[in-house]
Amino acid sequence: MHRMLLLSISVVFLVVIWTGLAAAEKRIALVIGNGSYAQTRPLANPVRDAKAMSEKLISLGFDVIYEIDRTKVELERIFQRFVSRSKSAETALVFYAGHGIQVRGKNYVIPIDAKLKDVSDVEFELLEVDKLVASIEKQAKRTLVFLDACRDNPFIASMKGYTRSVGDKGLAQTKASLGTLVAFAAQPGAVASDGVGRHSPFTSALLKYLGRPGESISQTLIRVRRSVYKETKGEQIPQDFNSLLDDAFLVAAASNQLSSEDLRKKIAAAKAKLARLQGAESGRGIDPKPAPKKKKWKPGQRFRDCENCPEMVVVPAGQFVMGSPADEDLRLPNEGPQKEIEIPKAFAMGRYEVSVGEFKRYVKASGNDPSNDLNSYCWEWVDKLKRGRDNNKHSWRKPGFRQRNNFPVVCVSWVVAGRYVKWLSKITGKTYRLPSEAEWEYAARAGSSKMFSSGSRISVKVANFSSWHDQRFAGARKERFWHGKPVKVSKYRANKFGLYQMHGNVWEMVQDCFHSNLRLVPPDGQPYVRDGCQKRIRKGGSWLSLPWDLRSARRFAVGFAWREQNMGFRILRELD
């Protein structure tokens, strides 16, 4: 009887827990990195710092506005937009990396076009930090500000009217209003290092420690302070001004938060166990249901788990050598050392890349449209300029070229692809995910040990890529043809596993964290992942790629929030 009571309480407790977590808090962040200064020395790290911090915050559930190298007018508009979006937010966070200055006890961030020839220029050329923070505080319940801007005053030599009221080092002492935390990269009046690595010491520590499950912001900043102090050998000590009314957690101790579907399953299991115990207590007993027979899957078998689900193809278990041999033409060091991989179980791979039509059905059913994200943009190739650039007008709906429902969806990030497979798993009750790097390469090779599944050369007759500028691996020396955009997912012919366009058309994102070689790849072909991973891997090349990027072993790092008009994804389904 005691056991039954405990189980009944457990079921009720699960329901209560879920009810408490049901309302997801609104989180919004503004991330700015200014490094390309026109009138003073540029800074190497702020743009990289801002990009990495943007990706970090997205992974923690923030809607992020990400801006780099902005003028004063641009920054004013950006802050105005952010303040408007901050209304009723549980947490509004600002991260700024770049030059900052203190004047008469006030702190300012410096736009990239600022010109300071006189102290009187400050009010017209810079943005005052306290005013910006105050405007956000009126809208959000909690305000978090991180300023990696405590550097030397870069204009001190050129400013007329310089007095002691114009600080030549770091930022000035500040106050945090109720519900606000302001963190400096260094103590007031002290200088913060821009760093010699890819990130400043302060940002590097934030990226490492921010968002640890069950750890408050206050605890995180203690870790950051220790880390920076140690890295700079005591020369730099971050300081924060904290007037928060409660402990702020970016990730609750419940990374154990349950989805409604997971909760439903747990409650059903608990009820079933309770019923069995009741039967045992009463002496009746309950006959267990016979285990369902395992379905036999055949290599090459095609199926769908629902009428409008992507078509899947069964890929057999097997072994292969991953990576490229040392003598492979144009091989990169990160493609080795070669490694024997055993795929112990068959799996199903998307017959095609996920299409625009399939993604439309997901958006309509889930209501989750990435083109509405605050930081919606897509990298594009501009043929006239012979270079790429970010375009905030492009999205998966309008990627910069005409597309049809049977074209591969592009301008979606790794994060968005993860949402798609999670949704697909929920509606089908099956386990969908992105393939691991090893699974993807195994499927792409389809039994071939050559550069491509087609052998040592690849032709525009069998794949969509740019052969115009590089003929080394093209099927014919004078083969010059370029679609200039993706083509339908079913174009060309399938490889020996029945998969279409594993080479070319669009880069395909996989589950793994990026690592500098193949030593960390699990020998059973499972994904290699780690906490705090910000870069993932994409494979296969695209319509914009030269032939060498289409090689089976080619691996390329990509930020998990990054979007491109030549990047999409393909899905994997685990077999029962």
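Residues numbered from 1 in each chain as written. Predicted model: local features only at pLDDT ≥ 70, side-chain atom pairs only at ≥ 80, totals over all residues. Heavy atoms only, no water.

A. Quick peek at the overall build of the chain. In terms of helices and strands, the chain carries 11 helices and 22 strands. Within the chain, the fraction of its 576 residues that count as buried is 52%. For the chain, the share of sequence-separated contacts (at least 6 apart) that also reach a separation of at least 24 residues comes to 71%. Summed over its atoms, the accessible surface of the chain is roughly 27,700 Å², and 51% of this surface lies on carbon and sulfur atoms. (Helix = DSSP H or I, 4+ residues; strand = E, 2+ residues; numbered from the N terminus. Buried < 20%, exposed > 50% of the residue type's maximum accessible area, 1.4 Å probe, protein only. Contact = heavy atoms within 4.5 Å. Areas by Shrake-Rupley, 256 points an atom, 1.4 Å probe, with all protein chains shown as cover.)

B. Expanded view of the side chain of Ser-355. Tracing the backbone shows Ser-355 in the loop between strand S14 (347–350) and helix H9 (356–366). For Ser-355, a relative accessible area of 8% corresponds to the buried category. A polar atom in the side chain of Ser-355 sits 3.4 Å from the backbone oxygen of Asn-405. Not counting residues within four places of it along the chain, the set of residues in contact with Ser-355 comprises Asn-405, Asn-406, Phe-407, Pro-408 and Val-409. (Polar contact = N/O pair within 3.5 Å; in protein donor to acceptor, adjacent residues only side chain to side chain.)

C. Structural detail: the state of the cysteines. Overall, the coordinates contain 3 disulfides when judged by the stated rule. Residue Cys-306 pairs covalently with Cys-309 via a disulfide, S to S 1.9 Å. One quick way to see it: the torsion about the S-S bond of Cys-306 and Cys-309 is about 100°, and its sign makes the bridge right-handed. One disulfide in the model links Cys-378 with Cys-411; its S-S distance is 2.0 Å. Residues Cys-378 and Cys-411 are joined by a disulfide whose S-S torsion is about -80°; by sign, that bridge is left-handed. With Cys-378 in strand S15 (residues 378–382) and Cys-411 in the loop between strand S16 (387–391) and helix H10 (414–428), this pair connects stretches of sequence that are 33 residues apart. (Disulfide = S-S within 2.5 Å.)

D. Representation of a positive patch on the surface in the model. Taken together, Arg-402, Arg-404, Lys-488 and Lys-491 make up a surface patch of like positive charges. Positionally, Lys-491 belongs in the loop between helix H11 (437–445) and strand S18 (507–513). Residue Lys-491 is classed as partly exposed on the basis of its relative accessible area of 30%. (Patch = residues over 30% accessible without salt bridge, like charges linked within 9 Å, V, L, I, M, F, W, Y side chains within 5 Å. Salt bridge = Lys/Arg side-chain N within 4 Å of Asp/Glu carboxyl O. Lys, Arg positive; Asp, Glu negative; His and termini not counted. Charge placed at Lys NZ, Arg CZ, Asp CG, Glu CD.)

E. Main features of the pairing of S14. Where strand S11 (residues 312–315) meets S14, 4 bridges bridge the pair, whose relative direction is antiparallel. Each bridged residue has a counterpart across the sheet, and for Val-313 the counterpart in S14 is Met-349. Taken together, the 3 bridges between S14 and strand S22 (residues 572–574) define a ladder with antiparallel strand orientation. Bridge pairing in S22 places Ala-348 opposite Arg-573. (Pairing = 2+ DSSP bridges.)

F. Examining the packing of aromatic side chains more closely. Applying the stated criterion to the full structure yields 16 aromatic pairs. Pairing Phe-401 with Trp-543 gives two aromatic rings, centres 6.0 Å apart and planes at 80°, and the pair type is edge-to-face. In this pair, Phe-401 is assigned in the loop between S16 and H10 and Trp-543 in the loop between strand S19 (535–539) and strand S20 (556–559), connecting sequence segments 142 residues apart. Accessibility classification places Phe-401 together with Trp-543 in one group, the buried group. Three or more aromatic residues joined by ring pairs form one cluster here, namely Phe-359, Tyr-362, Trp-396, Tyr-420, Trp-423 and Phe-569. Of note, Lys-491 hangs over the ring of Tyr-492, and the distance from its end group to the ring centre comes to 5.4 Å. The side chain of Arg-554 reaches across the aromatic face of Trp-548, ending 4.8 Å from its centre. (Phe/Tyr/Trp six-rings, centres within 6.5 Å; stacked < 30°, edge-to-face > 60°. Lys NZ or Arg CZ within 6 Å of the ring centre and 35° of its normal.)

G. Looking closely at the sheet that holds strand S6 (residues 127–128). As summarised here, the arrangement of the 3 strands in space is S4-S5-S6, forming an open sheet in which the pairing is antiparallel. In this open sheet, the two strands that pair with only one neighbour each are strand S4 (100–103) and S6. Relative to S6, strand S5 (residues 106–109) is paired through 2 bridges, and the arrangement is antiparallel. Note on S6: the bridge partner recorded for Val-109 is Leu-127.

H. Inspection of the packing of H9 against H10 at higher detail. The geometry of H9 relative to H10 is characterised by a closest axis approach of 11 Å and an angle of 75° between their N-to-C directions. The angle between the axes of H9 and H10 places the two elements in the roughly perpendicular class. Mapping the contact onto sequence places Glu-358, Phe-359, Arg-361, Tyr-362, Ala-365 and Ser-366 in H9 and Val-416, Arg-419, Tyr-420 and Trp-423 in H10. (Axes fitted to C-alpha atoms, helices over the stretch in contact; angles between N-to-C directions. Parallel < 35°, antiparallel > 145°, perpendicular 65-115°, else oblique.)

I. Summary view of the nonpolar core. Core analysis: the largest hydrophobic core is formed by 75 residues, its most contacted members being Leu-57, Phe-146 and Leu-206. Examining the composition of this core, we find that 6 residues originate from one element, strand S3 (residues 91–97), more than from any other. Contact partners of Phe-146, with chain neighbours within four places excluded, come to Leu-93, Val-94, Phe-95, Tyr-96, Ala-183, Phe-202, Leu-206 and Leu-221. Core analysis: the second largest hydrophobic core is formed by 44 residues, Val-363, Val-410, Cys-411 and Trp-562 among them. (Core = buried A, V, L, I, M, F, W, Y, C linked by side-chain atoms within 4.5 Å.)

J. Expanded view of the sheet that holds strand S7 (residues 143–148). Here 6 strands make up an open sheet; going across it, the order is S2-S1-S3-S7-S8-S9 and the pairing mixed. One side of each edge strand has no neighbouring strand; the edge strands of this open sheet are strand S2 (63–68) and strand S9 (239–242). Taken pair by pair, the neighbouring strands of this sheet meet at an average axis angle of 10°, ignoring direction. Note: S7 against strand S8 (residues 180–184), 5 bridges, orientation parallel. Note that in S8 the partner of Leu-147 across the bridge is Phe-184. Here helix H5 (residues 129–137) sits on the sheet in contact with S3, S7 and S8, set at roughly 155° to S7.

K. Expanded view of the environment of Arg-445. Within the fold, Arg-445 resides in helix H11. For the pair Arg-445 and His-503, spaced 58 residues apart in the sequence, the C-alpha separation amounts to 9.6 Å. Each residue touching Arg-445, except ones within four places of it in the same chain, is listed here: Phe-320, Val-321, Gly-323, Lys-450, Ser-453, Ser-552 and Ala-553. A polar atom in the side chain of Arg-445 sits 2.9 Å from the backbone oxygen of Lys-450.

L. Quick look at the environment of Gly-350. Assignment of secondary structure puts Gly-350 in strand S14. Between the alpha carbons of Gly-350 and Met-312 there is a distance of 4.5 Å; along the sequence they are 38 residues apart. Sequence-distant contacts of Gly-350, that is, excluding residues within four places in its chain, are made with Glu-311, Met-312, Leu-499, Arg-570 and Ile-571.

By themselves, these are just geometric observations and shouldn't be taken as functional.
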